[in-house]
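# Notes for the structure review
One-letter residues, chain by chain:
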Amino acid sequence: YTPAAAEVTGSLFLVYVDERGAVTWLDNSRYSAGKVLAEAPHFSTYGVACKPAPAFADISGHWAKDDVAFVAARGLLTGTGNKVFSPDGAMTRGMFVTALGRLAGISPDSYKSRRFTDVKADAYYAAYVEWAAQKGIVSGTGEGLFSPDAPVTREQLAVMMTNYAEQRGYTLPTPLAAVHFADSEQISAWAAEAVAAMQRAGIMAGKDENRFDPQASATRAETSAVLRRFVERVIDPGGTQKEV
């Protein structure tokens, strides 16, 4: 596919139209080397369509502008109100599991039970928290709590992404050599393997002075970049999507 002059490649999707005329956008679509690729759920005739991302007033000139546009066009993450995205704001646990559930294409109606006392039934993230917990992607924070409004640390982000890949049946690539971060001793033992896997896959990288900064809160911009890299580098267009 050759993008039109006004088309941003991060907003290109494979789509199909069923016999009723309903259009389905494949959110794991990405553009690579003149092709639009996606993990197709079934055999059909597919087309290419462009769905521009919402316009946010606070991402112009930001290093993650394209990453934000990519996840916003797919509805994985939305704005924080008043046409802003808050790219440097913290990513919360509730926000992140919602993004993962949307990427997996789950049906929220299939996850109506609630195992955590601090997850209200009418919260936007409630079904996604239950799905992620059932699938072993996340766990609680103790005493029946999930802490949905707590920030996700960078090492937690690595663990959740690794768990997501395992649950969905994806194999993480290893194109990069392992890096020993200057603050490796600060990475929790339970997160060390996941951090290494995300680094070698090229999905997460260190910061200045070769630090991973494992206890720092992941920002919404960083999370957008992680989600985009996961779609582009991990999801296999020839793979079979797992049942969710």
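Below or above, wherever it landed, is the structure these notes cover. Please read all numbers here as calculations on a predicted model, not as lab measurements.

### Thoughts on the overall build of the protein chain
When its secondary structure is counted, the protein chain shows six helices and five strands. The order of helices and strands in the protein chain, counted from the N terminus, is β-β-β-β-β-α-α-α-α-α-α. In terms of overall dimensions, the protein chain is globule-like: its C-alpha atoms have a radius of gyration of 18 Å, near the 18 Å expected for 244 residues. For the protein chain, the residues scored as buried account for 45% of the 244 residues in total. Sequence separation of 24 or more characterises 72% of the internal contacts of the protein chain that already satisfy a separation of 6 or more. For the protein chain, the exposed surface amounts to about 12,000 Å²; the carbon and sulfur share of it is 51%. Distance from the positive charge centre (24 side chains) to the negative charge centre (27 side chains) of the protein chain: 4 Å.

### Topic: the side chain of serine 188
The residue serine 188 is located in the loop between helix H4 (154-168) and helix H5 (192-200) in this model. Those residues in contact with serine 188 that sit more than four places away from it in its chain are Glu155 and Gln215.

### Here's the deal with the packing of helix H2 (residues 93-104) against H4
The contact between H2 and H4 brings their axes to 12 Å, and the two run at 25 degrees. If you check the angle between H2 and H4, you find them roughly parallel. Relative to H4, the crossing made by H2 is right-handed. Of H4, the residues touching H2 (which contributes Arg93, Phe96, Leu100, Leu103 and Ala104) are Gln156, Leu157, Met160, Met161, Tyr164 and Arg168. Of the residues contributing to the contact of H2 with H4, the split by class is eight nonpolar, one polar and two charged.

### With respect to the pattern of salt bridges
The final tally for this structure, using the stated rule, is seven salt bridges. In this structure, aspartate 213 engages arginine 211 in a salt bridge whose closest nitrogen and oxygen atoms are separated by 3.9 Å. Through salt bridges with shared partners, a single network forms among Asp67, Arg228 and Glu232.

### Notes on the side chain of arginine 154
As for its position among the elements, arginine 154 is in helix H4. For arginine 154, a relative accessible area of 5% puts it in the buried group. At a separation of 2.7 Å, a polar atom in the side chain of arginine 154 contacts the main-chain carbonyl oxygen of phenylalanine 212. Setting aside anything within four residues of it in sequence, one finds arginine 154 in contact with Met204, Ala205, Gly206, Lys207, Phe212, Asp213, Pro214, Ala216, Ala218 and Glu222.

### Points about the environment of glutamine 167
With respect to the element layout, glutamine 167 can be found in helix H4. The spatial distance from the C-alpha of glutamine 167 to the C-alpha of lysine 135 is 6.8 Å, given a sequence separation of 32 residues.

### A word on the sheet that holds strand S5 (residues 47-50)
Strand pairing in a sheet relies on backbone hydrogen bonds. The paired strands run either parallel or antiparallel. Judged by pairing direction, the sheet is antiparallel, and its three strands sit side by side in the order S2-S1-S5 without closing on themselves. The sheet terminates laterally at strand S2 (23-25) and S5, the two strands that pair on one side only. Shown here is a sheet whose adjacent strand axes are inclined to one another by a mean of 45 degrees, direction ignored. Pairing between strand S1 (residues 12-17) and S5: four bridges, direction antiparallel. The partner of valine 15 across the bridge, within S5, is glycine 47.

### A word on the environment of arginine 93
Looking at the element boundaries, arginine 93 is found in helix H2. Assessed through its relative accessible area of 6%, arginine 93 is described here as buried. Separated by 28 residues in the primary sequence, arginine 93 and alanine 121 have C-alpha atoms spaced 16 Å apart. Setting aside residues no more than four positions away along its own chain, arginine 93 makes contact with Ser139, Gly140, Thr141, Phe146, Ser147, Pro148, Ala150, Pro151, Val152, Gln156 and Met160. A polar side-chain atom of arginine 93 sits 3.5 Å from the main-chain carbonyl oxygen of serine 147.

Thresholds applied
Residues numbered from 1 in each chain as written. Predicted model: local features only at pLDDT ≥ 70, side-chain atom pairs only at ≥ 80, totals over all residues. Heavy atoms only, no water. Helix = DSSP H or I, 4+ residues; strand = E, 2+ residues; numbered from the N terminus. Rg over C-alpha atoms; globule rule 2.2 N^0.38 Å. Buried < 20%, exposed > 50% of the residue type's maximum accessible area, 1.4 Å probe, protein only. Contact = heavy atoms within 4.5 Å. Areas by Shrake-Rupley, 256 points an atom, 1.4 Å probe, with all protein chains shown as cover. Lys, Arg positive; Asp, Glu negative; His and termini not counted. Charge placed at Lys NZ, Arg CZ, Asp CG, Glu CD. Axes fitted to C-alpha atoms, helices over the stretch in contact; angles between N-to-C directions. Parallel < 35°, antiparallel > 145°, perpendicular 65-115°, else oblique. Left-handed = near helix turned anticlockwise from the far one by under 90°. Nonpolar A, V, L, I, M, F, W, Y, C, P; charged D, E, K, R; others polar. Salt bridge = Lys/Arg side-chain N within 4 Å of Asp/Glu carboxyl O. Polar contact = N/O pair within 3.5 Å; in protein donor to acceptor, adjacent residues only side chain to side chain. Pairing = 2+ DSSP bridges.

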